[in-house]
Amino acid sequence: ALEYSLVSAENLIDKDVHYLPKRKGHNIFVDSGGSQLRYGSSVFVNPYEVIQSFNDVGDIGVSLDICPRPSDIPYKGVFKAAAEIQKRNNKIFAENAKDDLLLLNVAQGYSVEQKIEWLERTENERFTGIAFGSSELDFNLKTLNFIGLISKFQDREHYHIFGVGNPYHIAVFAYFGKWVNYLTS
(Lines give C-alpha, C1' and ligand atoms only; values in the text may rest on other atoms or scores of the structure.)
Protein backbone atom coordinates (compact mmCIF):
# COMPACT_ATOMS: atom_id res chain seq x y z
CA ALA A 1 0.00 0.00 0.00
CA LEU A 2 1.13 3.52 -0.72
CA GLU A 3 1.37 5.89 2.22
CA TYR A 4 1.00 9.62 1.78
CA SER A 5 0.88 12.69 3.95
CA LEU A 6 -0.54 15.92 2.58
CA VAL A 7 1.09 19.18 3.62
CA SER A 8 0.58 22.74 2.50
CA ALA A 9 3.42 24.75 0.97
CA GLU A 10 1.97 27.82 2.69
CA ASN A 11 2.40 26.22 6.13
CA LEU A 12 5.92 25.02 5.30
CA ILE A 13 6.92 28.52 4.15
CA ASP A 14 5.23 30.34 7.06
CA LYS A 15 6.82 28.05 9.64
CA ASP A 16 10.19 27.92 7.83
CA VAL A 17 10.10 24.09 7.69
CA HIS A 18 12.82 22.49 5.55
CA TYR A 19 12.64 18.89 6.72
CA LEU A 20 9.92 16.41 7.70
CA PRO A 21 10.80 12.94 9.02
CA LYS A 22 9.24 10.01 7.18
CA ARG A 23 9.33 6.25 7.06
CA LYS A 24 10.55 4.21 4.11
CA GLY A 25 7.77 3.93 1.54
CA HIS A 26 6.05 7.02 2.88
CA ASN A 27 5.56 9.91 0.44
CA ILE A 28 4.90 13.55 1.17
CA PHE A 29 2.43 15.28 -1.14
CA VAL A 30 2.80 19.06 -1.04
CA ASP A 31 -0.14 21.22 -2.09
CA SER A 32 0.84 24.55 -3.65
CA GLY A 33 -2.04 26.48 -2.08
CA GLY A 34 -3.32 27.78 -5.43
CA SER A 35 -6.92 26.91 -4.68
CA GLN A 36 -6.87 29.24 -1.68
CA LEU A 37 -6.26 32.12 -4.10
CA ARG A 38 -9.68 31.39 -5.58
CA TYR A 39 -11.39 32.12 -2.29
CA GLY A 40 -10.21 35.69 -1.95
CA SER A 41 -6.84 35.33 -0.29
CA SER A 42 -4.84 38.47 -0.88
CA VAL A 43 -1.58 36.82 0.16
CA PHE A 44 1.09 36.87 -2.54
CA VAL A 45 2.29 33.36 -3.30
CA ASN A 46 5.85 33.28 -4.59
CA PRO A 47 6.31 30.33 -6.98
CA TYR A 48 10.05 30.19 -6.18
CA GLU A 49 9.29 29.72 -2.47
CA VAL A 50 6.66 27.09 -3.26
CA ILE A 51 8.98 24.97 -5.41
CA GLN A 52 11.70 25.29 -2.77
CA SER A 53 9.28 23.92 -0.16
CA PHE A 54 8.49 21.03 -2.55
CA ASN A 55 12.22 20.34 -2.95
CA ASP A 56 12.84 20.53 0.82
CA VAL A 57 10.22 18.03 1.97
CA GLY A 58 8.15 16.74 -0.91
CA ASP A 59 7.96 13.69 -3.12
CA ILE A 60 4.96 15.00 -5.08
CA GLY A 61 3.89 18.58 -5.78
CA VAL A 62 1.12 20.24 -7.76
CA SER A 63 0.93 23.30 -10.00
CA LEU A 64 0.51 26.72 -8.45
CA ASP A 65 -2.81 27.47 -10.09
CA ILE A 66 -5.49 30.11 -9.85
CA CYS A 67 -8.83 28.37 -10.15
CA PRO A 68 -11.45 30.26 -12.16
CA ARG A 69 -14.79 30.71 -10.40
CA PRO A 70 -17.95 29.42 -12.09
CA SER A 71 -18.91 33.04 -12.74
CA ASP A 72 -15.62 33.50 -14.69
CA ILE A 73 -16.33 30.77 -17.25
CA PRO A 74 -18.37 32.96 -19.65
CA TYR A 75 -15.40 35.34 -19.78
CA LYS A 76 -12.81 33.53 -21.92
CA GLY A 77 -10.24 36.21 -21.08
CA VAL A 78 -10.29 35.31 -17.38
CA PHE A 79 -9.98 31.59 -18.14
CA LYS A 80 -7.04 32.22 -20.51
CA ALA A 81 -5.31 34.61 -18.08
CA ALA A 82 -5.56 32.13 -15.20
CA ALA A 83 -4.18 29.36 -17.43
CA GLU A 84 -1.30 31.61 -18.53
CA ILE A 85 -0.37 32.30 -14.89
CA GLN A 86 -0.31 28.57 -14.20
CA LYS A 87 1.76 27.98 -17.34
CA ARG A 88 4.38 30.50 -16.12
CA ASN A 89 4.37 28.92 -12.66
CA ASN A 90 4.76 25.45 -14.24
CA LYS A 91 7.83 26.71 -16.12
CA ILE A 92 9.36 28.04 -12.88
CA PHE A 93 8.63 24.72 -11.13
CA ALA A 94 10.07 22.67 -14.03
CA GLU A 95 13.29 24.71 -14.09
CA ASN A 96 13.80 24.54 -10.32
CA ALA A 97 12.47 21.13 -9.21
CA LYS A 98 14.76 18.46 -7.83
CA ASP A 99 15.14 15.51 -10.21
CA ASP A 100 13.09 13.00 -8.22
CA LEU A 101 10.13 15.31 -7.53
CA LEU A 102 6.92 14.17 -9.23
CA LEU A 103 4.99 17.19 -10.50
CA LEU A 104 1.26 17.12 -11.24
CA ASN A 105 -0.39 19.64 -13.56
CA VAL A 106 -3.72 20.87 -12.15
CA ALA A 107 -6.66 20.63 -14.56
CA GLN A 108 -9.19 23.43 -14.08
CA GLY A 109 -12.57 23.93 -15.72
CA TYR A 110 -16.14 22.74 -15.42
CA SER A 111 -16.35 20.33 -18.34
CA VAL A 112 -14.08 17.77 -19.97
CA GLU A 113 -13.54 20.16 -22.89
CA GLN A 114 -12.52 23.04 -20.59
CA LYS A 115 -10.15 20.78 -18.64
CA ILE A 116 -8.54 19.50 -21.85
CA GLU A 117 -8.14 23.08 -23.12
CA TRP A 118 -6.65 24.06 -19.74
CA LEU A 119 -4.17 21.17 -19.75
CA GLU A 120 -3.15 21.90 -23.35
CA ARG A 121 -2.54 25.57 -22.43
CA THR A 122 -0.51 24.75 -19.31
CA GLU A 123 1.34 21.67 -20.62
CA ASN A 124 4.95 21.21 -19.52
CA GLU A 125 6.78 17.92 -20.13
CA ARG A 126 8.25 17.98 -16.61
CA PHE A 127 4.72 17.53 -15.22
CA THR A 128 4.08 13.80 -15.62
CA GLY A 129 0.80 13.60 -13.71
CA ILE A 130 -2.55 15.33 -13.52
CA ALA A 131 -4.46 16.64 -10.50
CA PHE A 132 -8.10 17.65 -10.65
CA GLY A 133 -8.77 21.09 -9.28
CA SER A 134 -11.39 21.49 -6.60
CA SER A 135 -13.79 23.25 -8.95
CA GLU A 136 -16.29 20.39 -9.12
CA LEU A 137 -18.55 20.06 -6.14
CA ASP A 138 -20.89 17.60 -7.86
CA PHE A 139 -19.57 14.04 -7.49
CA ASN A 140 -21.20 12.77 -10.69
CA LEU A 141 -19.67 15.60 -12.70
CA LYS A 142 -16.28 14.93 -11.12
CA THR A 143 -16.57 11.24 -12.05
CA LEU A 144 -17.53 11.95 -15.66
CA ASN A 145 -14.75 14.51 -16.03
CA PHE A 146 -12.25 12.02 -14.62
CA ILE A 147 -13.31 9.35 -17.13
CA GLY A 148 -13.11 11.87 -19.98
CA LEU A 149 -9.66 13.08 -18.97
CA ILE A 150 -8.05 9.69 -18.47
CA SER A 151 -9.30 8.64 -21.89
CA LYS A 152 -7.42 11.63 -23.38
CA PHE A 153 -4.36 11.56 -21.08
CA GLN A 154 -3.79 7.82 -20.50
CA ASP A 155 -0.02 8.03 -20.45
CA ARG A 156 0.34 9.97 -17.20
CA GLU A 157 2.39 8.63 -14.34
CA HIS A 158 0.04 9.74 -11.55
CA TYR A 159 -3.49 11.12 -11.06
CA HIS A 160 -4.75 12.99 -8.01
CA ILE A 161 -8.27 14.12 -7.21
CA PHE A 162 -8.78 16.90 -4.66
CA GLY A 163 -11.83 16.85 -2.44
CA VAL A 164 -12.72 13.16 -2.26
CA GLY A 165 -13.58 12.36 1.33
CA ASN A 166 -16.94 10.61 1.36
CA PRO A 167 -16.51 6.81 1.80
CA TYR A 168 -18.72 6.12 -1.23
CA HIS A 169 -16.65 8.47 -3.38
CA ILE A 170 -13.41 6.91 -2.17
CA ALA A 171 -14.69 3.45 -3.15
CA VAL A 172 -15.68 4.62 -6.64
CA PHE A 173 -12.31 6.25 -7.33
CA ALA A 174 -10.45 3.29 -5.80
CA TYR A 175 -12.19 1.16 -8.41
CA PHE A 176 -10.82 3.48 -11.14
CA GLY A 177 -7.37 2.70 -9.80
CA LYS A 178 -7.59 -0.58 -11.74
CA TRP A 179 -7.17 1.36 -15.01
CA VAL A 180 -4.73 4.13 -14.19
CA ASN A 181 -1.16 4.08 -12.91
CA TYR A 182 -1.36 5.79 -9.52
CA LEU A 183 -4.49 7.47 -8.21
CA THR A 184 -4.52 9.42 -4.96
CA SER A 185 -6.87 11.79 -3.22
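For the structure itself, look to the data block above.
The shown structure was predicted, so the numbers you read here are calculated from the model rather than taken from an experiment. (Residues numbered from 1 in each chain as written. Predicted model: local features only at pLDDT ≥ 70, side-chain atom pairs only at ≥ 80, totals over all residues. Heavy atoms only, no water.)

1. Looking at the overall build of the chain
A tally of helices and strands in the chain yields seven helices and seven strands. Contacts in the chain between residues far apart in sequence, at least 24 positions, make up 71% of those at least 6 positions apart. Summing over all exposed atoms, the chain offers an accessible surface of approximately 9,700 Å²; the carbon and sulfur share of this is 54%. (Helix = DSSP H or I, 4+ residues; strand = E, 2+ residues; numbered from the N terminus. Contact = heavy atoms within 4.5 Å. Areas by Shrake-Rupley, 256 points an atom, 1.4 Å probe, with all protein chains shown as cover.)

2. Quick word on the sheet that holds strand β6 (residues 158–161)
On the basis of which strands lie adjacent, the open sheet formed by seven strands has the order β1-β2-β3-β4-β5-β6-β7 and parallel pairing. On the outer flanks of this sheet lie β1 (3–8) and β7 (183–184), each paired with one strand and no other. Two elements, strand β3 (residues 60–62) and strand β4 (residues 102–107), share three bridges in a ladder whose sense is parallel. Directly across from Ile60, in β4, lies its bridge partner Leu102. The strands touched by helix α4 (residues 76–96) within the sheet are β3, β4 and β5 (127–132), with β4 carrying the most contacts at an inclination of about 180°. (Pairing = 2+ DSSP bridges. Axes fitted to C-alpha atoms, helices over the stretch in contact; angles between N-to-C directions.)

3. Structural notes on the packing of helix α3 (residues 47–57) against α4
One can describe the packing of α3 onto α4 by two numbers: an axis separation of 10 Å at closest approach and a directional angle of 40°. Considering their axes alone, α3 and α4 lie oblique with respect to each other. When the axes of α3 and α4 are compared, the crossing they make is right-handed. Where α3 abuts α4, its residues Pro47, Tyr48, Val50, Ile51, Phe54 and Asn55 lie against Asn89, Ile92, Phe93 and Asn96. Of the residues assigned to the contact of α3 with α4, the class counts are seven nonpolar, three polar and no charged. (Parallel < 35°, antiparallel > 145°, perpendicular 65-115°, else oblique. Left-handed = near helix turned anticlockwise from the far one by under 90°. Nonpolar A, V, L, I, M, F, W, Y, C, P; charged D, E, K, R; others polar.)

4. With respect to the nonpolar core
Soluble globular proteins tend to pack their nonpolar side chains together in the buried interior. Grouped together as the largest cluster of nonpolar side chains are 17 residues, with contacts concentrated most on Phe146 and Leu149. Of all the elements in the fold, those that place two or more residues in this core are α5 (112–122), β5, α6 (139–152), β6 and α7 (167–176). Once residues within four sequence positions are removed from consideration, Phe146 is found in contact with Phe132, Tyr159, Ile161, Phe173, Phe176, Val180 and Leu183. Counting residues in each nonpolar core, the second largest holds 16 residues, with Ala9, Val57, Leu64 and Phe93 among its members. (Core = buried A, V, L, I, M, F, W, Y, C linked by side-chain atoms within 4.5 Å. Buried < 20%, exposed > 50% of the residue type's maximum accessible area, 1.4 Å probe, protein only.)

5. Let's talk about the environment of Ile130
Topologically, Ile130 is positioned in strand β5. The buried category is assigned to Ile130, whose relative accessible area is 1%. As a C-alpha pair, Ile130 and Ala107 span 23 residues in sequence and 6.8 Å in three-dimensional space. Excluding its chain neighbours within four sequence positions, the residues that come into contact with Ile130 are Leu104, Asn105, Ala107, Leu119, Phe153, Arg156, His158, Tyr159 and His160.

6. Things to note about the packing of α4 against α5
Two measures define how a pair of helices packs: the angle their axes make with one another and the distance between the axes. Where α4 meets α5, the closest approach of the two axes is 8 Å, and the angle between their N-to-C directions is 40°. Classified by the interaxial angle, the pair formed by α4 and α5 is oblique. The interaxial crossing formed by α4 with α5 has right-handed handedness. Only Gln114, Glu117, Trp118, Arg121 and Thr122 of α5 make contact with α4, whose side of the interface consists of Lys76, Phe79, Lys80, Ala82, Ala83, Gln86, Lys87 and Asn90. A class-by-class count of the residues in the contact of α4 with α5 yields four nonpolar, four polar and five charged.

7. Notes on the pattern of salt bridges
Scanning the entire structure with this criterion turns up six salt bridges. Put simply, Glu117 and Arg121 hold a salt bridge, and the shortest N to O gap is 3.3 Å. Of this pair, Glu117 and Arg121 both sit in helix α5, four residues apart, which is roughly one turn of the helix. Residues participating in the shared-partner salt-bridge network are Glu123, Asp155 and Arg156. (Salt bridge = Lys/Arg side-chain N within 4 Å of Asp/Glu carboxyl O.)

8. A closer look at the packing of aromatic side chains
Counted according to the given criterion, the structure contains two aromatic pairs. Relative to Phe93, the ring of Phe54 has its centre 5.4 Å away and its plane inclined at 75°; by these criteria the two rings are edge-to-face. With Phe54 in helix α3 and Phe93 in helix α4, this residue pair connects regions lying 39 residues apart in the sequence. Each of the two residues, Phe54 as well as Phe93, counts as buried. Between Phe79 and Trp118 the ring centres are 5.2 Å apart and the planes differ by 70°, which places this aromatic pair in the edge-to-face class. A residue pair is termed long-range when its members are at least 10 positions apart, and Phe79 in helix α4 and Trp118 in helix α5 qualify at 39 residues. Across the pair, Trp118 and Phe79 agree in class, each one buried. For the cation-ring pair, Lys152 lies above Phe153, with the distance from its terminal atom to the ring centre recorded as 6.0 Å. (Phe/Tyr/Trp six-rings, centres within 6.5 Å; stacked < 30°, edge-to-face > 60°. Lys NZ or Arg CZ within 6 Å of the ring centre and 35° of its normal.)

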